[in-house]
Amino acid sequence: MAKIHVQAVRGMRDILPQDQKYWQFLEDNFLKTAKSAGFSRISFPIVEKASLFERTIGEETDIIEKEMYSLAPKTKEPSDRGKDKEKEEKETLVLRPEGTASVARAYIEHGMQTLPQPVQLYYTGPMFRHDRPQKGRQRQFHQLGLEIIGELDPILDAQLISLASRLIKKLKIRDFTVQINSIGCTKCRAKFIKKLQEYYKPILKNLCPDCRKRYSKNPLRLLDCKELACQEYKAGAPQMVDYLDQEDQAHFRQVLEYLDELEVPYELNTYLVRGLDYYTRTVFEIWPKMEEAEDPSRFALGGGGRYDDLISLFGGKPTPAIGFALGAESIIELLKEKEIKVASREIPDIFVVQLGELAKKKSLKLIEELREESFKVISALGKESIKSQLRLADKLKVPLALILGHKEVLDGTVIIRDMHGGMQETASAENVVDEIKKRLPRENF
Ligand code: HAM
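Residues numbered from 1 in each chain as written. Predicted model: local features only at pLDDT ≥ 70, side-chain atom pairs only at ≥ 80, totals over all residues. Heavy atoms only, no water.

> I would appreciate a short explanation of the nonpolar core in the present structure.
Residues Leu160, Ile173, Tyr200 and Ile331 are the most contacted members of the largest nonpolar core, which totals 61 residues. With 8 residues, helix α6 (residues 154–170) is the single largest residue contributor to this core. Excluding residues that lie within four positions of it along the chain, Leu160 makes contacts with Phe39, Leu146, Ile148, Phe284, Ile322, Gly323 and Phe324. Within the second largest apolar cluster, 35 residues are counted, among which are Ile57, Met112, Ile311 and Ala325. (Core = buried A, V, L, I, M, F, W, Y, C linked by side-chain atoms within 4.5 Å. Buried < 20%, exposed > 50% of the residue type's maximum accessible area, 1.4 Å probe, protein only. Helix = DSSP H or I, 4+ residues; strand = E, 2+ residues; numbered from the N terminus. Contact = heavy atoms within 4.5 Å.)

Given below as structure tokens:
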């Protein structure tokens, strides 16, 4: 039979057991932070209608133009479920490229406007973008997101940024900066974009091909270009902060004042525009500090901002909101690069070593009993020599080994070996579980 060449899809990775500790560490800290700040979990489908993202993220953005994975069912059954269902079945479906639009959809769909506001939700899970796979960038990647819907007060912007910054610190990442900007309301942004186009028009021919396209399609992104050729023109470009109206200015000033009060360091970055269209007013990103030559914006650990118009775009009553998402891959790559130590919760408590057929049978029961008591127990029932079993226990850093040979079975005993010090004691088989409870720290129970 011809062999099948199997390999994961480019840009989509397995997360192997040895890496799970990083994911656990990230998720544990995220969950603790989210829960302590009063957020509740929301889960939403991986597949959504394309229309959910098209106008919210923006038709002219990279995500919508070239990065969405769309799906089509293999067979199209003739529909007997009425015109509406038929129309719905014809809608293009996509793998979600982000979570904010789905959360906003769910907020409206489930009548969350009637709950006490703001509604604070968190989520974790895979997102999909047909991006160019590179350091920290995958086509299936994972986000941990927080959304606060139903409150306009700038204190929330500051609190969310502070929460994000504290979370990064909890992850033992020290070298990072919070980049912050205000892109104002839709009205003043339109004025700014006009000025930006006026500035760029005479120098258009000197810009990179992408920027020439951005000029008419998504002019704000001109400020975000990473090409060297375009960088020098950025310096003379008009700045959004000069075009904010009074309310936007006051909002931004208050956000910064609250951040000072919270002692959260930040860098004002007038070029920060974000790659999604739904934002209004405050936008921010968390960047790792990098060597001079590298561009930290490419490795953003997370990003977010206000999206005060999104809910009304979906037909809900005007409802302000702000949110943020961390990129798991970017964070985990940084933890590894910086060799940040992360405790592994995968180390088993006990290795059961056995020798001979009789001991092998007896050890089955013992293993079950210990697992009933919630100990993490492993063994190597296929291995014959005690030496090789102990070597394996040592390699896996298991703190205790229980040794059961022919003699021990006949005597009704078990040897308890402390794998760190090498000390051995004999315990009666009947009491061995209690003996283990005494020896292993309380948190195991
Ligand atoms: P975003 O900036 O597109 O924002 O993504 C947030 C983070 O996800 C990025 O900073 C990055 O760490 C990670 N990320 C994005 N694309 C990739 C990729 N291809 N591979 C690996 N990691 C990636 C949003 O998605 C917004 N929904 C965030 C938000 C929440 N705004 C308001 N609420």
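> Could you clarify how one ought to interpret the pairing of strand β16 (residues 424–428) in this entry?
Regular strands place side chains that alternate from one sheet face to the opposite one. Two elements, strand β15 (residues 413–418) and β16, share 5 bridges in a ladder whose sense is antiparallel. Looking at β16, one finds that Arg417 is bridged to Gln424. (Pairing = 2+ DSSP bridges.)

> Would you mind showing me how to read the pattern of salt bridges here?
Close approach of charged atoms lets side chains of opposite charge pair. Under the criterion given, the structure shown has 20 salt bridges. Residue Asp62 is joined to Lys66 by a salt bridge in which the shortest nitrogen-to-oxygen separation is 3.8 Å. Here Asp62 pairs with Lys66, and both are found in helix α3 (residues 62–67), just 4 residues apart, close to one helical turn. One salt bridge connects Glu425 with Arg439, and the closest N-O pair in it is separated by 2.8 Å. Residue Glu425 is located in strand β16, and its partner Arg439 is located in helix α16 (residues 432–439); the two are separated by 14 residues in the primary sequence. When salt bridges that share partners are traced, they join Glu425, Glu435, Lys438 and Arg439 into one network. (Salt bridge = Lys/Arg side-chain N within 4 Å of Asp/Glu carboxyl O.)

> Would you take a moment to explain the layout of surface pockets for this structure?
The gaps left among the atoms become clear once a water-sized probe is rolled over them. What the second largest pocket holds in volume is close to 430 Å³. Looking at the lining of the second largest pocket, the elements that each hand over two or more residues are α2 (50–57), α7 (186–200) and α11 (310–313). With 3 residues, α7 is the largest single contributor of residues to the lining of the second largest pocket. Here the lining of the second largest pocket is composed, by residue class, of 10 nonpolar, 6 polar and 9 charged. (1 Å grid on protein atoms, 1.4 Å probe; cavity = no way out; pocket = protein on both sides within 12 Å on 5 of 7 lines; lining within 4 Å. Points joined across faces, edges and corners; volume = space filled by probe spheres on them. Nonpolar A, V, L, I, M, F, W, Y, C, P; charged D, E, K, R; others polar.)

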